[in-house]
Amino acid sequence: MADRVTVIGWDGSPLTTAARSALSAATLVAGAAHHLALPEIPADAERIRLGSLGPAARRIAAHRGTAVVLADGDPGLFGVVRALRDPRHGLEVEVVPAVSSVAAAFARAGMPWDDARIVVATARTLRRAVNVCRAHPKVAVLTSPGAGPAELALLLDDVHRTFVVCEALGTDREQVSVLTSDKAADLSWRDPNVVIVIGGPAATGPAAPAGGWLMGAPPQDPVRGWALPPDTYGDEDPPGPGAGVELRAAQLARLGPRPGDLVWDIGCGHGGFAVEAARFGAAVIAVDADPAARARTEAAARRLGVQVQTVTGRAPYALERLPEPDVVRVGGGGAHVVSACADRRPERIVAHAATRDQAEAIAAALRDGGYQVECALLQSVDLDPGAWSERRRAVAFLLAGRRSAP
């Protein structure tokens, strides 16, 4: 087997002394076509054009001699190093890094990137990468053929962002373009490229940026905890049916929103659920027939420093043009809205009901849609801790549907 594998990162600049030394001793060199054309590769070395990393790693492991793998940028950042270090291959890996394509892209844009999310867009992960772009104000997207700037723009649809498209970084064909996302869909782009996606409403109040300490995260979540009281979102009135803190906590727990997800919040009210789902890193579309609810939700999102897209309209009609959700909260509309959501096949759906008849109708809609149904009766009592007297009581049926395995 290969007695040593050296992985060399290449950013278009002249190879370092360490990289040239490793190449000169190589008996096998693997890389993309432009890597294999480098003059430093020995003429008698076996050459492998990298495609699927798994088969290439197995072929390198079976090679008797000294192997070198060439990769663009920093091969430890979403690169070949992870595949080569798979214990099944038994390879000893040495890395000669270069400037990563992400670092180079932000340098060309003259922007800091410690607060950026970094995602990989492939045919399999494109939708989730787009959802991260919906949810966060600064994202670097490592693209691939069929999942590039045009495809990102098409899936973002009416979510407006600024694209910084960096093509062929470090080569004589390098080009950096700055344009709005609606223009990117109509153009052709060279591979490889990195897209910096920027935009969304600016945070206000305690969520406004002030310097960070954690890579890829906002500087400071302004509020600790979740299932927060309504006044956190600017709603001073007592919660109405289905708006209680305890019910919201149970709904969040059953849906489990996470980065890469798209959440629908139908009947968003004061925006409490939508904002908290966004605080978990998910992309959120909040729908309500009341324009005032949309305004409250947008204000709450700005106050807590998250991105939430809002839509004014009545379900189920307002849902027809929305992108496919991963999880859905139905805060209003009843069984016929739950049925419309089930037709879109999200992984999980939650809803609530005030009466048993309503709960039975929603449960039937979930079962008919192919979901396993959980139902619980939640009761919460808000007490005055001074007098230990009851201030408010809330009772609701919680219904949760989990999509059955095909």
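Just so you know, these numbers come straight off a predicted model, no measurement behind them.

A.B. asks: Outline the nonpolar core, listing residues and values.
C.D. replies: Core analysis: the biggest nonpolar cluster contains 29 residues, and Trp264, Ile266, Leu319, Val330, Cys341, Ile349 and Leu399 have the highest contact counts within it. Secondary structure elements with two or more residues in this core: strand S11 (262–266), strand S12 (283–288), strand S14 (327–330), helix H12 (335–342), strand S15 (348–353), helix H13 (356–368) and strand S17 (389–403). With 5 residues, H13 is the largest single contributor of residues to this core. Residues in contact with Leu319, not counting those within four places in the same chain, are Trp264, Ile266, Val287, Cys341 and Arg344.

A.B. asks: Tell me about the packing of aromatic side chains, and please be specific about residues and values.
C.D. replies: Summed over all chains, the structure comprises 2 aromatic pairs. When the ring of Phe106 is compared with that of Trp113, the centres are 6.0 Å apart and the planes differ by 10 degrees; the resulting orientation is stacked. Taking the relative accessible area as the measure of exposure, Phe106 reaches 1% and is therefore buried. By relative accessible area, which is 27% here, Trp113 ends up partly exposed. With centroids separated by 5.8 Å and ring planes inclined at 75 degrees, the aromatic side chains of Trp226 and Phe280 adopt a geometry described as edge-to-face. Of the two residues, Trp226 is situated in the loop between strand S10 (193–198) and helix H9 (245–255) and Phe280 in the loop between helix H10 (272–279) and S12; the sequence distance between them amounts to 54 residues.

A.B. asks: Any details on the pattern of salt bridges? Residues and values, ideally.
C.D. replies: Per the counting criterion, the structure on display carries 19 salt bridges. We note a salt bridge from Arg248 to Glu276, for which the minimum N-O separation is 2.7 Å. Pair noted here: Arg248 is in helix H9 and Glu276 is in helix H10, with a separation of 28 residues, a long-range link. Residue classification places Arg248 among the buried residues on the basis of a relative accessible area of 3%. Looking at Glu276, the relative accessible area reads 1%, which means it is buried. In this structure, a network of salt bridges that share partners links the residues Arg127, Arg128, Arg258, Asp261 and Asp326.

A.B. asks: I'd like a description of a nonpolar patch on the surface, backed by residues and values.
C.D. replies: Judged by side-chain polarity, Val381, Leu383 and Trp388 come together as a nonpolar surface patch covering roughly 310 Å² of accessible area. Along the chain, Val381 falls in strand S16 (residues 371–384). By relative accessible area, Val381 is classed as partly exposed at 34%.

The rules behind the values
Residues numbered from 1 in each chain as written. Predicted model: local features only at pLDDT ≥ 70, side-chain atom pairs only at ≥ 80, totals over all residues. Heavy atoms only, no water. Core = buried A, V, L, I, M, F, W, Y, C linked by side-chain atoms within 4.5 Å. Buried < 20%, exposed > 50% of the residue type's maximum accessible area, 1.4 Å probe, protein only. Helix = DSSP H or I, 4+ residues; strand = E, 2+ residues; numbered from the N terminus. Contact = heavy atoms within 4.5 Å. Phe/Tyr/Trp six-rings, centres within 6.5 Å; stacked < 30°, edge-to-face > 60°. Salt bridge = Lys/Arg side-chain N within 4 Å of Asp/Glu carboxyl O. Patch = residues over 30% accessible without salt bridge, like charges linked within 9 Å, V, L, I, M, F, W, Y side chains within 5 Å. Areas by Shrake-Rupley, 256 points an atom, 1.4 Å probe, with all protein chains shown as cover.

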